[in-house]
Amino acid sequence: MLTLATALFATAATARVMDSLPAVPKGWTAVREAALDEPITLRLALPQSHTDALEKAVVEMSTPGHSNYGKHMSRAELHSYTAPKEGSQGTVTNWLNGFGVKPNINNDWLTFSTTVEKANKMLDTTFGWYQNDQGGSPKLRALEYSVPDEVAEHVDLIQPTTRFGRLAAEKSTIFDMHILEDEEASRIADVDADCNTSRITPACLKSLYNINYTPETEGNLVAFASYLEEYARYSDLASFESKWLPEASGQNFSVELVNDGLNDQDSNDDSGEANLDLQYILAVSAPIPIREYSVGGRGPLVPTHDEPGPSYNEPYLEFLTWLLDQEDEDLPQTLSTSYGEEEQSVPAEYALKVCNLFMQLGARGVSVLFSSGDSGPGDSCIRESDDAPYFQPTFPGACPYVTSVGATRGVDPEAAVSFSSGGFSTLHARPSWQDSAVADYLDIIGDTYSAFFNSSNRGFPDVAAQGAAFAVVDKGRDALLSGTSASAPVFAGVVALLNAARKSQGEAPLGFLNPWLYSNADAFNDVADGYGSGCTGNSDFGRLGAKWNATSGWDPVTGLGTPDFAKLLAAAAPGVENA
């Protein structure tokens, strides 16, 4: 194995270092310098001209009582906010042209292909091939990159450069999947349709959350994103409808392929996540049409103790830039995703850019929901920057512009489930719309764990729903699945119904949800039992690890609580009957 010198080209006095790693990341080995004629494709983000104004506009259009509430933007209106700063596009394009590179331009994004030789020169770096210690294909990366001073102010990021990652198996937020034998499946199916300890079904959820509303289908759409070669299956949906949701029998779903995604109904790969998302969005929101976005490719990863590789990061940039490019009438009103990882495993500039894209979807009137994760306060609970004990928030669940969904179990009372992730972001300041709710919780816990999280930052999750022992059909088999992967599609189904109810009154969809949710905290079933636990492998937290307790009001396990649909409907669409 060759050793790749970590000393890069000396940074010229007129160049600015955009990103730098102190050494080859943990779990990776340098293989060789890249051949100068090898091809490379990079994406460059330009600074937006009106970022602060866009954020202000999104909060205003999402805050009940504001004069701009519900006034979402068209694609063209959004582009006027996200357009590059004056001169940025020309400056960067001229710089690239000087190396004989012609980029593909899409508003504030440039994509270009070149050779390693030119990339080395333009970024004042040395690209090399790196191998993950767990195997897989080597990656073409650099340990540092720079751009000229006169260009630097016109560049937010260029990737993949210092972004180490590797293709491998999925990491959805499914905590556990139990395939049922025939006898066990029959016994489960014979239990009364309402909620019980053995499994969660569509009938249980509708009873538990007081859902009786049947929406119109015209003009309504709820969607979910599938990554990492998982595909929802038509045959499994038909079996699920026959077994658990006969009133929806015959309803199918559409598939949109993104970034070379596929719809392989005969795949031997896992399909549990995609089937779970589809079946429980349908369980709550039928007969609203459902669309699956099947997204190809995988995003960058910064290896950590818990995610040393292979890469589990999803290609959010590719998907979100594509989705934001769609015509207004082609967007879903509600979008659910059940994937995530440690916030610290994602490069900060990448995480912030992706969160900005979620904000843009909110500006277009799309409600974006993510599962909060399945590791309580964290797994190893080690901060990578200094190996200190620290809680591990999740990405994108801790982004302020998504609605983060935690998990519960049981019905009388409903309680937090131990795997439900939550906590406080390391990247995002606490937004004003959750100030009061989070401050109340911090008053309750005092100095408990104060050294292990930033109490002034964004708290998550925002809400919760059942997340244990969901009855699903996967590859023709009956199974029970658990995880916040189950909770997110359930809450997304609730939001899809609310958006449909608003449409029936000629009102705009809810869009970015969080200010509205925190303004209607009394429309939730408060969960004050149970806890989310983690950090059991870290001796700094003792033999039992650490845990967030569910408390009265908001907490970092179940958020505001679980939905009382009748109350949420009355708040979202007054006068629409829950029938």
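Now for a description of the structure that goes with this document. (Residues numbered from 1 in each chain as written. Predicted model: local features only at pLDDT ≥ 70, side-chain atom pairs only at ≥ 80, totals over all residues. Heavy atoms only, no water.)

**A closer look at the sheet that holds strand β6 (residues 128-132)**
In spatial order, the strands read β2-β6-β7; together these three strands make up an open sheet with antiparallel pairing. Where the open sheet ends on each side, the last strands, each with one partner, are β2 (28-33) and β7 (139-141). Direction aside, the axes of adjacent strands within the sheet are offset by 40° on average. For β2 and β6, the ladder comprises five bridges, and the chain directions are antiparallel. Residue pairing in the sheet places A30 in a bridge with Y130 of β6. (Pairing = 2+ DSSP bridges. Helix = DSSP H or I, 4+ residues; strand = E, 2+ residues; numbered from the N terminus. Axes fitted to C-alpha atoms, helices over the stretch in contact; angles between N-to-C directions.)

**A look at the packing of aromatic side chains**
For the structure shown, the criterion picks out 31 aromatic pairs. Between Y316 and F370, the aromatic rings sit 6.0 Å apart at their centres with planes inclined by 70°, giving edge-to-face as the arrangement. Taken together, the positions of Y316 in helix α10 (residues 316-324) and F370 in strand β16 (residues 367-371) put the pair 54 residues apart, joining distant regions of the chain. Summarising the burial analysis for this pair, Y316 and F370 share the class buried. Aromatic side chains W433 and Y518 sit 5.4 Å apart centroid to centroid with 45° between the ring planes, which places their arrangement in the tilted category. Separated by 85 residues along the polypeptide, W433 in the loop between β22 (423-429) and α12 (435-445) and Y518 in helix α14 (residues 514-519) bring together distant segments of the chain. With relative accessibility at 14%, the residue W433 sits in the buried group. By the ring-pair criterion, three or more aromatic residues cluster together here, those being Y227, Y293, Y316, F319, W322, Y339, Y350, F358, F370 and F395. Between the NZ or CZ atom of R383 and the centre of the ring of Y390, over which it lies, the distance is 4.5 Å. Directly above the aromatic system of Y531 lies the positively charged group of K547, at a separation of 4.4 Å from the ring centroid. (Phe/Tyr/Trp six-rings, centres within 6.5 Å; stacked < 30°, edge-to-face > 60°. Buried < 20%, exposed > 50% of the residue type's maximum accessible area, 1.4 Å probe, protein only. Lys NZ or Arg CZ within 6 Å of the ring centre and 35° of its normal.)

**Some details on the state of the cysteines**
In the structure shown here, the tally under the stated rule is two disulfides. In this model C355 forms its disulfide with C399; the gap between the sulfur atoms is 2.0 Å. One disulfide, between C355 and C399, carries an S-S torsion of 80° and so falls in the right-handed class. Of the two residues, C355 is situated in helix α11 (residues 348-363) and C399 in the loop between β19 (394-395) and β20 (403-409); the sequence distance between them amounts to 44 residues. The same class applies to C355 as to C399, namely buried. For C381, the disulfide goes to C535, at an S-S distance of 1.9 Å. Its torsion about the S-S bond being -70°, the disulfide of C381 and C535 is classed as left-handed. Pair noted here: C381 is in the loop between β16 and β17 (382-383) and C535 is in the loop between β28 (531-534) and β29 (546-549), with a separation of 154 residues, a long-range link. Note on accessibility: C381 and C535 belong to one class, buried. (Disulfide = S-S within 2.5 Å.)

**Observations regarding the side chain of E414**
Here E414 is to be found in the loop between β20 and β21 (415-416). No salt bridge is formed by the buried E414; its nearest oppositely charged neighbour, R409, is found at 10 Å. Excluding its chain neighbours within four sequence positions, the residues that come into contact with E414 are L208, Y209, T408, R409, Q466, V527, D529 and T562. (Lys, Arg positive; Asp, Glu negative; His and termini not counted. Salt bridge = Lys/Arg side-chain N within 4 Å of Asp/Glu carboxyl O. Contact = heavy atoms within 4.5 Å.)

**A short note on the sheet that holds strand β4 (residues 104-106)**
Reading across the sheet, the four strands line up as β4-β5-β3-β9 and stay open at both edges, with antiparallel pairing between neighbours. Bordering the open sheet on either side are β4 and β9 (157-159), each of which pairs with just one other strand. Between one strand axis and the next, the sheet turns by 20° as a mean value, whatever way the strands run. As paired elements, strand β3 (residues 39-45) and strand β5 (residues 109-115) share seven bridges and run antiparallel to each other. Each residue of the ladder has a partner; that of P39, found in β5, is T115. Each of β3, β4, β5 and β9 is contacted by helix α3 (residues 88-97), which is oriented at about 5° to β5, the strand it contacts most.

**Focus on the packing of helix α13 (residues 484-504) against helix α15 (residues 565-572)**
One can describe the packing of α13 onto α15 by two numbers: an axis separation of 9 Å at closest approach and a directional angle of 35°. For the pair α13 and α15, the crossing hand works out as right-handed. In this structure, α13 uses V494, L497, L498, A501 and R502 to contact α15, whose residues at the interface are F565, L568, L569 and A572. In terms of residue class, the contact of α13 with α15 is built from eight nonpolar, no polar and one charged. (Left-handed = near helix turned anticlockwise from the far one by under 90°. Nonpolar A, V, L, I, M, F, W, Y, C, P; charged D, E, K, R; others polar.)

**With respect to the nonpolar core**
With 153 residues, the main nonpolar core has W95, Y280, F319 and F358 as its most contacted residues. Looking at which element gives the most residues to this core, the answer is α13, with twelve residues. (Core = buried A, V, L, I, M, F, W, Y, C linked by side-chain atoms within 4.5 Å.)

These figures capture arrangement, not role.
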